[in-house]
Amino acid sequence: MKVLWLQSGGCGGCTQSLLCSEPRSLFDELRDAGIEFVWHPALSQASGGEALAVLEACASGELAFDVLCVEGAMLRGPNGSGRFHLMAGNGRPLTEWVTRLAGQAKWVFAIGSCTAYGGFSANTPGNPLEACGLQYDEQTPGGLLGAGFRSAGGLPVVNIAGCPTHPGWIVESLQKLALEGMADTDLDELGRPLFYAGELVHHGCPRNEYYEFKASAEKQSDLGCLMENLGCKGTQAHADCNLRAWNGSGSCLRGGFACIACTEPGFESPGHAFQETPKVAGIPIGLPSDMPKAWFVALAALSKSATPKRVRDNAVVDHLVFRPAIKKKGGGK
Amino acid sequence: MSRIVVGPFNRVEGDLEVSLELEAGRIQAAYVNSPLFRGFEQILVGRAPLDALAIVPRICGICSVAQSAAAATALADAMGVTPTPNGLLARHLIQATENMADHLTHFYLFFMPDFARPDYVDRPWHPAIAERFTAIKGSAAAEVLPARASFLRLMGFLAGRWPHTLAIQPGGSTRAITAGERIRLLALLREFRSFLERRLFGDALERIGQLASKAELLAWADGRAGDFPAFLKIAGDLGLERIGRADDRFLSHGAYGLFPAGTWQQGKTVAFAAARITEDTERAWLLADQPRHPATGETIVAADKADAYTWCKAPRYAGQAHEVGALARQVVAGNPLLLDLVQRDGGSVMARVVARLQELALLIPAMEGWVQALQPGESFCAQGVMPDEGSGVGLVEAARGSLGHWLTIRRGRIERYQIIAPTTWNFSPRDATNQEGPLEKALLGLAAGEGAPPTIQHVVRSFDPCMVCTVH
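In this numbering scheme, every chain counts its residues from 1 along its sequence in written order. Throughout, the order in which chains and ligands are written sets their labels, letters from A for the former and numbers from 1 for the latter. With pLDDT at 70 or above as the cut-off, local features in this predicted model cover only qualifying residues; side-chain atom pairs require 80 or more to be listed or tallied, and sums for whole chains, interfaces and linings still use all residues.

Engineer: Looking at this structure, how should I read the overall build of chain B?
Structural biologist: Going along the chain from the N terminus, every DSSP run of H or I of four or more residues is numbered as a helix, and every run of E of two or more is numbered as a strand. Secondary structure summary: chain B contains 18 helices and 13 strands in total. By principal-axis analysis of the C-alpha atoms, chain B measures approximately 65 × 55 × 40 Å. When the 472 residues of chain B are sorted by exposure, 62% land in the buried category. Residues are defined as contacting one another if the C-beta atoms placed from their backbone atoms lie within 7 Å. A separation of at least 24 residues holds for 72% of the contacts in chain B among residues at least 6 apart in sequence. Neighbour counting defines burial: a residue surrounded by 20 or more other C-beta atoms within 10 Å of its own C-beta is buried, one with 12 or fewer is exposed, and intermediate counts give partly exposed, using backbone-placed C-beta atoms.

This is how it looks when you write it as structure tokens:
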């Protein structure tokens, strides 16, 4: 399976993240799955004219390829000209290249939330960059390729959203495609592969006991649950970040900071400070997905009153001060 | 005279194009163009000050932590907060992990593959280099990616993930390291040390750190197995110590309390004063103005400006272009090996690569020391209060050089945010006085065009450019 990769209005972080793929060397894993890069801007040998020749051959249909991976928002400005990003050495807007190449690819992958939905580039007040995603303008279907776009393989753009993406999300998507293809039923309503977007960041959160008892962190570096005060959206964000580790053993929550829901369209402008939870009458506005508000409030009040001292006290310090008790066995043995 | 446009330069971070004026196949003038505009300084305006910690890492996927550290330092400056000792050590470790991973990625994945090109098929070293360094398929990539991924497991502990962490805060870090994790960190560093000593250097890191002159370096490398000695052999054969020289004016913000801040030219180190920095927009597609200090800087798009050729501003120190990066950092710090290389042959492709790899040998032992100095149980994060009105400056070193953030807060919101990234210095365009940027200078006189060897590729990549930062 041949993969062509382009970068535009983004930071390149999804490629950097991809290179962290573990445990095998990324290149070995892809090769053994029959996956090769036709060209990748950060990794390939070919540069300058040789690279442009490959891209032109792909865009004109002369050189067949399977997957177009795009990393970065589409910058349509200024005034629809696409001049905020012209292909180096060629002078044509990246938006034009991507449109041509998407017409030839069997499948199109949006790598990262910028590419999927527009990202930070689309969040400058007034969007002067005229930035958008491949098939979305934030939450609204459309984007560069249009709401009705289907690649030759019959799928809309596959949105491997995340800022950055987890290496596994990309590698597994590519390998699934190579092995057995993909269908609409493999994607959620926002075009994201269900194998990772079917979960919530909350699932497997290492702070689960603090969440259960609403024992909340009050300041950065506290061990408690980050939902009530410090802006955590883990109970609403779609991703399996706490079920598969990042960089060996990490995740945002394991790093001690809030999930900012970077797999969701519009995460860049939440309408409040990222590290603060907006509340009405002391109750967080953003409640856990699928949770009726009255039940949440009732359960929170109950669990707060039942919080063990150990959990309450550990929640507001940066290292454990109270250990769990060791139960003495009965029977006098 | 003829004109050619070269690009895309791949195996750099982001987009780069260079226009060259040639006379008899030699470069007479170079114009460096960053053909992508991103506009992060505008994204930050009007946000809550601490939002910068979530936004600025997304400027750059390869130096996201350096961006976070610059923002956290600027915010700490505005708040009057000093990180706790553990917080400072954690931040050093997070920054050094990114910097060292970047040095490794640059050498193995971005820089060395150019010597595997068929252009060099007649050189005696070519078969071995092509086997080891051909992009994606070479034997080195298969070893380096797992070594890099394993090294970046430090980030799983210290920063949650990489890139794009929110762990770095003005007062230190959100992530207190436990006694057991401290042992894991040390084990991971030893694993990475082992890779470097076996494959990159063929010797102990401490021995590389002690090399103090060009003569010592070449004598050490002679006949030695290892990827660094292999590079030095190529450098000797192709004369890489004589190509890629800019103005030999260097600047560093200083790093880790190990490498002091300063500027260097003509054999003299001079104290650094941030007040002497200006940014010129004469040749950028931005509204032209007097050169301004970044604390009062503006970034206003003027896409149809005549005579402009890039989205990159032209930073100047005391009105002069300066080179930044590992070489600058080490020269300013008085590193004997790099000073010797620069004083003999000037800043060059070879000196820039040597500086990066010697930094790896110097920093990994320092990181081992920082891990051992962590005090589990003591605080990792000092708390403070964000003022409604204030300003702050954050000056740090990314792998590829000096990074500065300047912010102003009014009525509890960010009023102004200006950034000068390393590659903005190195790949700066001409300014109002027509003074070229370092890369524009470094390319002069080199062969280019049809049939020329890939020399300009080596020069461009020797700066380890990060274009997405450049055009933040």
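Engineer: Help me out: how do you make sense of the packing of helix α14 (residues 349–373) of chain B against helix α17 (residues 455–462) of chain B in this one?
Structural biologist: Residues and elements named next belong to chain B. For helices, the axis comes from a line fit to the C-alpha atoms of the stretch in contact; other axes are also lines fit to C-alpha atoms, and the angle between any two N-to-C directions lies between 0 and 180 degrees. Closest axis-to-axis distance for the α14/α17 pair is 9 Å, and the angle between their directions is 40 degrees. Considered as vectors, α14 and α17 are oriented oblique to each other. The way α14 lies across α17 gives a crossing that is left-handed. Across from Val349, Arg352 and Val353 in α14, the residues of α17 making contact are His458, Val459 and Ser462. When residue character is reported, Ala, Val, Leu, Ile, Met, Phe, Trp, Tyr, Cys and Pro are called nonpolar, Asp, Glu, Lys and Arg charged, and the others, Gly included, polar. The residue makeup of the contact of α14 with α17, split by class, is three nonpolar, two polar and one charged. Between 65 and 115 degrees an angle is taken as roughly perpendicular, under 35 as roughly parallel, over 145 as roughly antiparallel, and anywhere else as oblique. With the far helix as reference, a near helix turned anticlockwise by less than a right angle produces a left-handed crossing, and one turned clockwise produces a right-handed crossing.

Engineer: What should I look at first to understand the nonpolar core in this one?
Structural biologist: Burial of nonpolar side chains together is a common tendency in soluble globular proteins. A set of buried residues qualifies as a nonpolar core if it consists of Ala, Val, Leu, Ile, Met, Phe, Trp, Tyr and Cys joined through C-beta atoms within 7 Å. Of all hydrophobic cores here, the largest spans 264 residues; its most connected members are Ala52, Leu338 and Ile364 of chain B. An automatic or database domain assignment supplies the residue ranges for each domain. Here this core gathers at least three residues from each of two domains, domain 1 (2–197) and domain 2 (200–320) of chain A. Every residue in contact with Ala52 of chain B, bar those within four places of it in the chain, is listed here: Leu44, Ala71, Leu75, Leu407, Ile414 and Tyr417 of chain B.

Engineer: When you look at the pairing of strand β12 (residues 401–410) of chain B in this model, what are you seeing that I'm missing?
Structural biologist: Along a regular strand, successive side chains alternate from one face of the sheet to the other. Residue and element names in this part refer to chain B. Of all 10 residues in β12, eight are buried, a share of seventy percent or more. As judged from the nine bridges shared by strand β11 (residues 390–398) and β12, these two strands associate in the antiparallel manner. Bridged to Val393 within β12 is Trp406. In this antiparallel pair of consecutive strands, β11 and β12, the connection spans two residues. For two strands to be treated as a pair, DSSP must find at least two bridges joining them. Linking β12 back to strand β13 (residues 413–420) in an antiparallel pair, the connection comprises two residues, with Arg411 at a positive phi of about 50 degrees.

Engineer: Can you walk me through the domain arrangement of chain A in this structure?
Structural biologist: In many reports, interface size means the accessible area that the parts give up when they come together. All names here are of chain A. Its domain assignment divides chain A into domain 1 (2–197) and domain 2 (200–320). Domain 1 puts 18 residues into the contact, and the matching count from domain 2 is 13 residues. Secondary structure elements with two or more residues in the side of domain 1 that touches domain 2: α5 (113–117) and α7 (194–197). When the residues that make up the side of domain 1 that touches domain 2 are grouped by side-chain class, the tally is nine nonpolar, seven polar and two charged.

Engineer: Quick question: what am I supposed to make of the packing of helix α6 (residues 139–151) of chain B against helix α8 (residues 179–201) of chain B here?
Structural biologist: When two helices pack together, you describe them by how their axes are tilted relative to each other and by the distance separating the axes. Residue and element names in this part refer to chain B. Relative orientation of the contacting elements α6 and α8 amounts to 155 degrees, with a least axis distance of 9 Å. Here α6 is positioned roughly antiparallel relative to α8, judged by the angle of their axes. Pair α6 / α8 crosses with left-handed handedness. In this structure, α6 contributes Glu143, Ala147, Ser150 and Phe151 to the contact, and α8 contributes Leu188, Glu191, Phe192, Phe195 and Arg199. A class-by-class count of the residues in the contact of α6 with α8 yields five nonpolar, one polar and three charged.

Engineer: Just checking my understanding: could you explain the interface of chain B and chain A for this structure?
Structural biologist: If you look at the interface, chain B gives 72 residues, while chain A gives 64 residues. Listed by contribution, the elements that provide at least two residues to the side of chain B that touches chain A are β1 (2–6), α1 (40–44), α2 (52–55), α6 and α7 (153–158) of chain B. Among the elements that take part in the side of chain B that touches chain A, α6 of chain B stands out by supplying six residues, more than any other. Considered class by class, the residues forming the side of chain B that touches chain A number 40 nonpolar, 21 polar and 11 charged.

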